[in-house]
Amino acid sequence: MSQTENGKQEPPEVPSEGAKFSLENILGDNHDAVEHPRLKRQELDASSTVAEGWDEESVDRPNTAGYCVECEVDQPAQIRCDDCQDDYCEVCFAAQHRKGTRRKHVSKPLAVHPPRKPPNEQNGNSTEAREEEKTDEGDEDVDMTDESDMELERVGTGLPTSPVKNALGTQPAVGSKVGDWFVERSKYIPLRLSLGERKYLRLLDAALQVSEYTDKIDTIGFGLSKTKRIVSQIRELCAILSGLVLSADYKLGQSLFTDRDFQKNEHFYQDIFELGRRHKIMNPDKMRTTYGKLIYLLQDSQSPEVKDMLNFTCVKPIKTVYSVLEEHGAAGLLRDDLITYATMEIYSDGRTRREVQKDIKTKERAIEMLSARYQCDGLSQEKVRQCLYSIGDNHAFLRTNRDPCDRMIAYLKQFFHPTQVTNPKHSLAIRSGKGGARLSHDHAKQYAYVLQSLTLWREILHDMFRLWSLTEQDLLSEVVPYRLRDTGQGLNRVQAAPKTLRMMHTILQRAQRSVGSWVGSLAIHMGDHNVPNALMFIDKYSQIYRILLPICNTLHHIPTITEKPALRSYVDDEFGSDEGCILEILTDFFRHGFDGSGADNFFDAGSCIDGRLTSAWNWCAQLEKKRYFPVFLLTGFVGFDGEW
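The text that follows walks through the structure, step by step, so that each part is easy to find. From a predicted model like this one, the values you see are computed outputs, not experimental measurements. (Residues numbered from 1 in each chain as written. Predicted model: local features only at pLDDT ≥ 70, side-chain atom pairs only at ≥ 80, totals over all residues. Heavy atoms only, no water.)

### Some points on helix 18 (residues 403–415)
The test is simple: Each helix is a run of H or I in the DSSP string that is no shorter than four residues. Each strand is a run of E no shorter than two, and both are numbered from the N terminus. To estimate how far a helix should extend, the number of its residues minus one is multiplied by 1.5 Å. Pairs of residues are marked as contacts when any of their non-hydrogen atoms sit within 4.5 Å.
Here helix 18 spans 18 Å end to end across 13 residues, near enough to the 18 Å set by a 1.5 Å rise per residue. Each element contacted by the buried residues of helix 18 is listed here: helix 17 (381–401), helix 19 (443–462), helix 23 (544–561) and helix 25 (578–592).

### Some remarks on the nonpolar core
What counts here: We call a set of buried residues a nonpolar core when its members are Ala, Val, Leu, Ile, Met, Phe, Trp, Tyr or Cys and they connect through side-chain atoms within 4.5 Å of each other. Note on exposure labels: buried denotes an accessible area under 20% of the residue type's maximum, exposed denotes more than 50%, and partly exposed covers the range between, all computed with a 1.4 Å probe on protein chains only.
In this structure, Phe273, Met408, Trp457 and Phe590 are the most contacted members of the largest nonpolar core, which totals 133 residues. The residues contacting Phe590, other than those within four sequence positions of it, are Met408, Leu412, Phe416, Leu428, Gln446, Val450 and Leu454. One finds Cys84, Tyr88, Cys92 and Phe93 within the second-largest nonpolar core, a separate group that totals nine residues.

### Some words on the packing of aromatic side chains
This is how the line gets drawn: Paired rings are identified among Phe, Tyr and Trp, the last through its six-membered ring, by centres lying within 6.5 Å, and are further divided according to the angle between planes into stacked (under 30 degrees), edge-to-face (over 60) and tilted (the rest). For a lysine, the NZ atom is tested; for an arginine, the CZ atom; a charge sits over a ring if that atom is within 6 Å of the ring centre and within 35 degrees of the ring normal.
Using the criterion set out here, one finds 19 aromatic pairs in the structure. Centroid distance Tyr269 to Phe312: 6.3 Å. Interplanar angle 35°. Geometry classified as tilted. Taken as a pair, Tyr269 in helix 11 (residues 266–282) and Phe312 in the loop between helix 13 (304–310) and helix 14 (321–327) lie far apart in primary sequence, 43 residues in all. Assessed through its relative accessible area of 1%, Tyr269 is described here as buried. Centre to centre, the rings of Phe589 and Phe590 are 5.8 Å apart; their planes meet at 50°, and the pair counts as tilted. Take Phe589: its relative accessible area is 1%, and that puts it in the buried class. Residue classification places Phe590 among the buried residues on the basis of a relative accessible area of 0%. Sitting over the ring of Tyr322, Lys187 keeps its end group 5.3 Å from the ring centre. The ring of Tyr200 carries the charged tip of Lys199 above its face, separated from the ring centre by 5.3 Å.

### Examining the packing of helix 23 against helix 26 (residues 609–621)
The criterion, for reference: Between N-to-C directions, angles span 0 to 180 degrees; the directions come from axes that are lines fitted to C-alpha atoms, helices contributing only their stretch in contact. Orientation labels follow simple angle bins: below 35 degrees gives roughly parallel, above 145 gives roughly antiparallel, 65 to 115 gives roughly perpendicular, and whatever is left gives oblique. Handedness of a crossing follows from how the near helix is turned relative to the far one, being left-handed for an anticlockwise turn of less than a right angle and right-handed for a clockwise one.
At a minimum axis distance of 10 Å, the contact between helix 23 and helix 26 shows a crossing angle of 50°. Classified by the angle between their axes, helix 23 and helix 26 sit oblique to one another. Once helix 23 is placed against helix 26, the crossing between them reads as left-handed. Two secondary-structure elements touch here, helix 23 through Ile544, Ile547 and Ile551 and helix 26 through Leu613, Ala616, Trp617, Trp619 and Cys620.

### Side note on the pattern of salt bridges
Our working definition: Any Lys or Arg side-chain nitrogen found within 4 Å of a carboxyl oxygen on Asp or Glu counts as a salt bridge.
Taken as a whole and assessed by the stated rule, the structure comprises 28 salt bridges. As a salt-bridge pair, Arg493 and Asp218 come within 3.0 Å of each other at their nearest N and O atoms. Separated by 275 residues along the polypeptide, Arg493 in strand 5 (residues 491–494) and Asp218 in the loop between helix 8 (213–217) and helix 9 (226–248) bring together distant segments of the chain. The same class applies to Arg493 and to Asp218, which are both buried. Linking Arg627 and Glu574 is a salt bridge whose minimum nitrogen-to-oxygen distance equals 3.0 Å. Note that Arg627 is positioned in the loop between helix 26 and helix 27 (629–634) and Glu574 in helix 24 (residues 565–575), a separation of 53 residues in sequence. Residue Glu574 is classed as partly exposed on the basis of its relative accessible area, which comes to 38%. Sharing partners across several salt bridges, the network here consists of Arg185, Asp406, Arg458, Glu459, Asp463 and Arg510.

Laid out in C-alpha cells, this is it:
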C-alpha cells in the first residue's frame, strides 16, 4: 500500500484481467489475485466439453475395433468371450468373469496386433495424451493384488492364463505345465546363502586372502615332504578361521578353542568350505583370487595320506535346492505349476509401470502361496522362499551369461547372409596369414563356423551349473590324482576330468544337431598343457559373457549416441551411417574373433573347441588398435573386465 501526501493510504492496485503475469505482480502485496493465463484457457476448454463425472451419464461412444470393450481406447483387446460376443483385455476379462455363470464362459485368445489409433489420437492431441499417460503411470501406485490372485487362481483351476513371453527358451512358459523340468534343473542349482552364512563367507575369504597355500605346496625342492606341508597348511588355515570366528562370535569361537581338536570341529570346517564353493558357483565373478586356493586345498585334503594325518575330511556335498526340498519331503514344490510365476524374471524394457507392478504382485503372491503350502517340520516358510529365490538366481545367471550369445546369433543372422555376399567390404571370408588369421574360410564356411561356435557357447552356458558340479567332482576325486607339471605357463596341476569331458561331448553333440553341420575340429582339450584341469576349463568358459556383453551393449547404444549432432557427424564421416558402423564392428569380430589366432605356436591354435575362445580373447586384446575403438568408448566401454 502506498501513502498520499496527506498521509492516507491508497487501496492496493488490483491487476486487471489482462495484466502481465510477471515476477513483480507475484511478489506484490495482492499476489492472490494474480492468475496464470494458462488456467483461464483450461477453464474455457473444460467449459466447452461435456460434463462426465461419476454421477453423470456416460456419453455413448462407438467401440473402437481392436480395443477392449471396457477400457475403450486405453487397452488393446487380447481375449474374446464367445458367450458375451465381446473383446476384452486380459485384466477386464478376469474381472468380469471371476464369479457366477460368467466364470464358465468360453473364451479364446486374440492375435494381438497394434490396433488402429482412434481419430482423436491421430491429430496433435496425441502428444498431450501420451504426456497424461506418462503422468498417470508415474504418480499412481496401482494395487494389482486382486488381479494377481485371479491369475494364480486360474492356474489352480486349469483355466487358460494370459500369454507371457517365454524368456528362457527351453524353460516352461509362465503358467504352463512344468513337468520334471525344475526337478532336473534344481539338482545342480546351489542354495542361496542366508544372511548368517554370508558372515562366515567373509571370514573364509579373509583367511584365504592371507593364506600362501599354493605358494608353499605347488613348488619343487621344498624341505618337508609334500604330505606334511599340505597338512601343516590346512591346519594353519583352520586355525586362522578359528581365530576369525572367535573375533566375530565369541561363544562359537570359544567352543572351537576348548580342546583345539580339529577332528571334533569337522562339521564346522566342512560347512565353512562348502559356503565358499556354493557362493562361487552362483557368482563366477566373485572370489577370483581365492577360489583357486580353496579348491586346491580341498583337492589335497582328499588324498588318503592327508586324511590319515588330519583325522577328518574337509569336503561335503554342495547344498542344492533339490537336496534341501527332498530331505524334508517337499520335492513336490518343483512340480507345482505356480513355480513358473514364483521364479519368473520381470523385465521393464518397453513395458508400462502397470504391467511391471502386476508381474511383481503376481510373483510375490505365488511365493507366499507356495511357501505356505509346502512348509513342514524342519522346513520353514523362509527356507522355501530361499529355494525359490535360488531358482530365480539361476534364471538371472542365464540372462546375463547366456543371452549375449543369443543376441550375437541374432546380429549374425540379421546383417549377414549364410551363403551370399551383398557387399565385398562386409564379407566374412578369411585367409591364413592375413590379419593374423590361421584359418582359411570363404564367406559361407566362416558364417557356419561363427554360428556353430556361438551356439556351442550358448549350450555350455545353459548347463554351466551342471558343468561346475561335475568339475568339482573331478577335481575332488579320490581316484584321479594330479601331476605337477610345467605347461609353458608355469607349474600347473594336470589332472584328467572324465565326468566333465563326457558332459562336454554331450553338449557338443547337441550343438551339432542344432546347426546341422560342423566346420573345424571336434577336439576338446582337457587334462593337457592347454587346459591342465577342470578348474581351468570352467574358469575359461565362465568368461564368455565378459567378451560378448560389452560388444552387445556397444551395438545397442550406437543409435542413441548418434542423436547428438556432433557424434552423428563423426559416425557419418567415418562409417557412413549407424548401420555402417555396426556392420564394420560385426564384420571384424566375426572374422578375426574366430580366425584361429591367439596361441604362442601354430599347433596350439586353430579350430578346436577351446581354440575358438582363444581367438575371441585375442581379438579383445587388439581392440584398442581398431579404428572403431572410439565408438566403444563413447558408448561407455571401460574394458572387458569391467562391470556390465
